[in-house]
Amino acid sequence: MYQLLIDCSHFYSGKNLCSLDYYAIHLIKGFRESGIFDVSVIVWKGRESYLDHMVGFNVPKIIIDEHSHVTPWPIVDRLLGLVSFKKELAERNIDIILTPYHFDCKIFFPRKYHQHAVVHDLTSYHILKAKMGKLKYFFWRVYRRLLIQKIPYYISISEETRKELNYFENKDSVVVHNSLIFDFNIKEKAIEEVCDRPYILDVNCFNKHKNAETLIRGFALIVGKIPHMLYLKGDRNYEDLCEHYKELAANLHVQDRIIFDQSYRPVEEMRYLYAHADLFVSPSLREGFGWTPIEAAVLKVPVLVSDINVLKEITCGKVPTFDPHSTEDIADKILSALENRPSERKLGELSAYFLERYSTEKQIRQFTEILLRRVQKK
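Residues numbered from 1 in each chain as written. Predicted model: local features only at pLDDT ≥ 70, side-chain atom pairs only at ≥ 80, totals over all residues. Heavy atoms only, no water.

### A closer look at the environment of Glu-356
Mapping Glu-356 onto the fold places it in helix H14 (residues 344–357). Classification of Glu-356 by relative accessible area gives partly exposed; the value is 47%. With 175 residues separating them in the primary sequence, Glu-356 and Ile-181 have C-alpha atoms 13 Å apart. (Helix = DSSP H or I, 4+ residues; strand = E, 2+ residues; numbered from the N terminus. Buried < 20%, exposed > 50% of the residue type's maximum accessible area, 1.4 Å probe, protein only.)

In structure tokens form, the structure reads like this:
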């Protein structure tokens, strides 16, 4: 068997798991079940037992802590590709290394290990460009370019992400779409706020580029024509923007018809939230992949997405789209979707299509083909 090391250094001590952590956990389990790789991980001290709990078994580990540097300056270690555990890598006979989150990569390995990094999106480039002055952004880009060159191989989660990586860093990559990590078979648990109430759902954070404002304004245009609530499921981040959206809803006199949910919802409640929506709407202006519309479609909920390239790619052109900059268009498309609900047969066919297209087995097969190609050239 080949020795695969998965770099989980993006797991921080004391940090709650996010979607990128679940992505890594999903890969660990998938590669182990494939029977082709012996899987071990790099993880920060203090997170090892939690990782085992989430994965469901004890994973062989290289444990690092805040003092795991060759030099006193982590930035020097990064730029020179120095690692403090070369001996452990050699003892484990590591064939290949996979870093599931390229942007937050902390460790750059010698080239003989054929490090591959997964690119989820380049959103941080857009955000930092807007926040930094031109000179500061220029030097940050130089630093990023030096780091990017330390990793020989990249894997993007969509064609749009591949194009952005090429645009920002002049690096090519191969595409392996995400697989679905949501547990669709788990028993649902009702959410009282929406029991027996029709609602339109969007599951997204309240980041500006997720575009909740256009959705709220579009909803306000048709609120008198439909009985539905608008349920915006976010998280505890972006408090200021969430408050702005609440003020907007009040100014538009629709505050009583919109639920702003920043609470933690266990998977049982999230399954209920998806499955009982009359319509799922994703108004995003930018995505790396876009899990949530697919999750809704698998649960046989009608889906409506913005007409950005990545969402058209991921939904394979099989769901209606709207102009995310037009409140009138989103209002019209929501009304049309509610009045012309697809048949249960069509919803079932779409569910089966996405389940097969974004299955874990397919994702791991594609990863395996790419990684073995490198190993067999060693």
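So that's the structure; there's more coming.
### A closer look at the sheet that holds strand E8 (residues 199–203)
Taken together, the 6 strands give an open sheet; going across it, the order is E10-E9-E8-E11-E12-E13, and neighbouring strands pair in parallel fashion. Only two strands of the sheet have a single neighbouring strand rather than two, namely strand E10 (258–261) and strand E13 (321–322). In this structure, E8 lies alongside strand E9 (residues 229–233), joined through 5 bridges in parallel fashion. The residue of E9 that forms the bridge with Ile-200 is Leu-230. Its contacts with the sheet place helix H8 (residues 212–222) against E8, E9, E10 and strand E11 (279–282), and it is angled at close to 170° to E9. (Pairing = 2+ DSSP bridges. Contact = heavy atoms within 4.5 Å. Axes fitted to C-alpha atoms, helices over the stretch in contact; angles between N-to-C directions.)

### Looking at the packing of aromatic side chains
Under the defined criterion, the tally for this structure stands at 21 aromatic pairs. For the ring pair Tyr-125 and Phe-168, a centre distance of 4.8 Å and an interplane angle of 40° mean the geometry is tilted. Taken as a pair, Tyr-125 in helix H5 (residues 123–131) and Phe-168 in helix H7 (residues 159–169) lie far apart in primary sequence, 43 residues in all. Looking at Tyr-125, the relative accessible area reads 0%, which means it is buried. (Phe/Tyr/Trp six-rings, centres within 6.5 Å; stacked < 30°, edge-to-face > 60°.)

### Quick look at the packing of H8 against helix H9 (residues 239–251)
In the contact formed by H8 and H9, the axes pass within 10 Å of each other and the chain directions differ by 15°. In terms of orientation, H8 and H9 fall into the roughly parallel class. Judged by the sense of rotation from one axis to the other, the crossing of H8 with H9 is right-handed. Residues Ala-212, Glu-213, Ile-216 and Arg-217 of H8 lie in contact with H9, whose contacting residues are His-244, Tyr-245, Leu-248 and Ala-249. Class assignment for the residues of the contact of H8 with H9 results in 5 nonpolar, 1 polar and 2 charged. (Parallel < 35°, antiparallel > 145°, perpendicular 65-115°, else oblique. Left-handed = near helix turned anticlockwise from the far one by under 90°. Nonpolar A, V, L, I, M, F, W, Y, C, P; charged D, E, K, R; others polar.)

### A closer look at the state of the cysteines
A full pass over the atoms with the stated rule returns 0 disulfides. Here Cys-242 stays unpaired: no disulfide links it, and the sulfur of Cys-205, its closest cysteine neighbor, is 11 Å away. Assessed through its relative accessible area of 0%, Cys-242 is described here as buried. (Disulfide = S-S within 2.5 Å.)

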